[in-house]
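Read off the chains here:
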Amino acid sequence: MAILALGAASAKDYEMVGELCKYSNITTDSEATLEWLYGRAGYLYLLRLVKATFIDEPKIVDQIEDTADEVIESIMDAPRPWKWHGKAYVGAVHGAIGIITQIVLTDPSWSPKLEADLGALLSYQYDGGNWPSSIPPGKDRLVQVCHGAPGVIISLQSIKQHFPKLRERIEGSIRKGREAILERGLLTKEPCLCHGISGNALALEDEDFEHFLTLTTGHEIKSMDKDGMLEKSDDPSSLWCGEAGRAWTWAIADKRLEKRLLGYNDI
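Residues numbered from 1 in each chain as written. Predicted model: local features only at pLDDT ≥ 70, side-chain atom pairs only at ≥ 80, totals over all residues. Heavy atoms only, no water.

Peer 1: Any chance you could explain the pattern of salt bridges here in plain terms?
Peer 2: A side chain of one charge can pair with a side chain of the opposite charge when the charged atoms of the two come close. For the structure on display, the rule yields twelve salt bridges. A salt bridge links Arg-184 to Asp-140, with the shortest nitrogen-to-oxygen separation between them at 3.0 Å. With Arg-184 in helix α9 (residues 167–184) and Asp-140 in the loop between β2 (134–135) and α8 (149–159), this residue pair connects regions lying 44 residues apart in the sequence. Taken together, the salt bridges that share partners define one network made up of Lys-160, Arg-167 and Glu-171. (Salt bridge = Lys/Arg side-chain N within 4 Å of Asp/Glu carboxyl O. Helix = DSSP H or I, 4+ residues; strand = E, 2+ residues; numbered from the N terminus.)

Structure below.
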């Protein structure tokens, strides 16, 4: 589906748009997952990507929006808490905040119906500022984009304007979460988006963002590797787990773009 979406967007291919929209039959199947990486929420991102290319063509936009509505309704009809592999995950990649973010960025009019879900998610935050990987919460362990405060904060930053009643709580959660990242977020994993310093940096304000980036230079990575401190990636050239993600974060710093995750909330 990702290849089809990229083809439709880059070539402005009407037939490929139609083929992509047909996948709604698969993504809304009762056996299909709901989360961003493998499920319905991720499909919503691909629809937004293609819609951005055809924004001046009402018929195509209507087709994409009708498809998105069908997918969103299937997610909203699913029992709570949303689960992946039997667990109620919280984070951006497999959990509730990722699902909420994709729905709201695709169609903000659903925000009022998601207010209770987001309010519950805010309540899961530990006193130390981090979020658990799943509910019920276990040990406070992971501070990274896929599981923990960085992914939640980056998500909240892009959807908070659509939840005016929760705005004060959201801002407080972001402040506490950033404190946790500054204290515990300088990870020894390769500096990628998913579970490395590059992704964590995107959750921080400018000065702290730039400080984290100084620890993702080639020199720092070589030093960590030499000292035996670096946990190397299984997919070292990829976007979310490798060098391409580090390049994305540096591009944001260089071009002074909004701090967003490519393929997640950049559109």
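Once you've had a look at it, read on.
Peer 1: It is not clear to me how the packing of aromatic side chains should be interpreted in this structure. Could you clarify?
Peer 2: Ring pairs (aromatic) are described by centroid distance and by the angle formed between their planes. According to the stated counting rule, one finds six aromatic pairs in the structure shown. Here Trp-36 and Tyr-264 contribute two aromatic rings whose centre-to-centre distance is 5.5 Å and whose plane-to-plane angle is 80 degrees, an arrangement assigned as edge-to-face. Taken together, the residues span a long stretch of sequence, with Trp-36 in the loop between α3 (24–27) and α4 (40–53) and Tyr-264 in the segment after α13 (243–255) at a distance of 228 residues. As far as the burial class goes, Trp-36 and Tyr-264 line up, both buried. (Phe/Tyr/Trp six-rings, centres within 6.5 Å; stacked < 30°, edge-to-face > 60°. Buried < 20%, exposed > 50% of the residue type's maximum accessible area, 1.4 Å probe, protein only.)

Peer 1: Quick question: what am I supposed to make of the packing of helix α2 (residues 14–22) against helix α5 (residues 58–76) here?
Peer 2: When two helices pack together, their arrangement is captured by the angle between the axes and the distance separating the axes. Remark: α2 packs on α5, axes separated minimally by 10 Å, with the N-to-C direction vectors making an angle of 15 degrees. One finds that α2 runs roughly parallel with respect to α5. In the crossing of α2 with α5, the sense of the turn from one axis to the other is left-handed. Here Tyr-14, Val-17, Gly-18 and Cys-21 of α2 come into contact with α5, specifically with Ile-60, Gln-63, Ile-64 and Thr-67. Here the contact of α2 with α5 is built from residues that sort into five nonpolar, three polar and no charged. (Axes fitted to C-alpha atoms, helices over the stretch in contact; angles between N-to-C directions. Parallel < 35°, antiparallel > 145°, perpendicular 65-115°, else oblique. Left-handed = near helix turned anticlockwise from the far one by under 90°. Contact = heavy atoms within 4.5 Å. Nonpolar A, V, L, I, M, F, W, Y, C, P; charged D, E, K, R; others polar.)

Peer 1: Teacher, can you tell me more about the environment of Asp-77 here?
Peer 2: Mapped onto the fold, Asp-77 is located in the loop between α5 and β1 (88–89). Along the backbone, Asp-77 and Gly-177 are 100 residues apart, and their C-alpha atoms lie at a distance of 30 Å.

Peer 1: Where do I start with the state of the cysteines in this structure?
Peer 2: What makes a disulfide is a covalent bond joining the sulfur atoms belonging to two cysteines. Under the counting rule described, the total for this entry stands at zero disulfides. Distance from the sulfur of Cys-241, which forms no disulfide, to the nearest cysteine sulfur (Cys-194) is 4.8 Å. Relative accessible area serves as the criterion here: at 22%, Cys-241 is assigned to the partly exposed category. (Disulfide = S-S within 2.5 Å.)

Peer 1: Teacher, can you tell me more about the environment of Leu-105 here?
Peer 2: Relative to the helices and strands, Leu-105 is located in helix α6 (residues 96–106). Leu-105 sits in the partly exposed class, given a relative accessible area of 21%. The sequence separation of Leu-105 and Ser-158 amounts to 53 residues, and the corresponding C-alpha distance is 8.0 Å. If we skip the residues at most four places from it in the chain, Leu-105 touches Arg-48, Ser-158, Ile-159, Tyr-264, Asn-265 and Ile-267.

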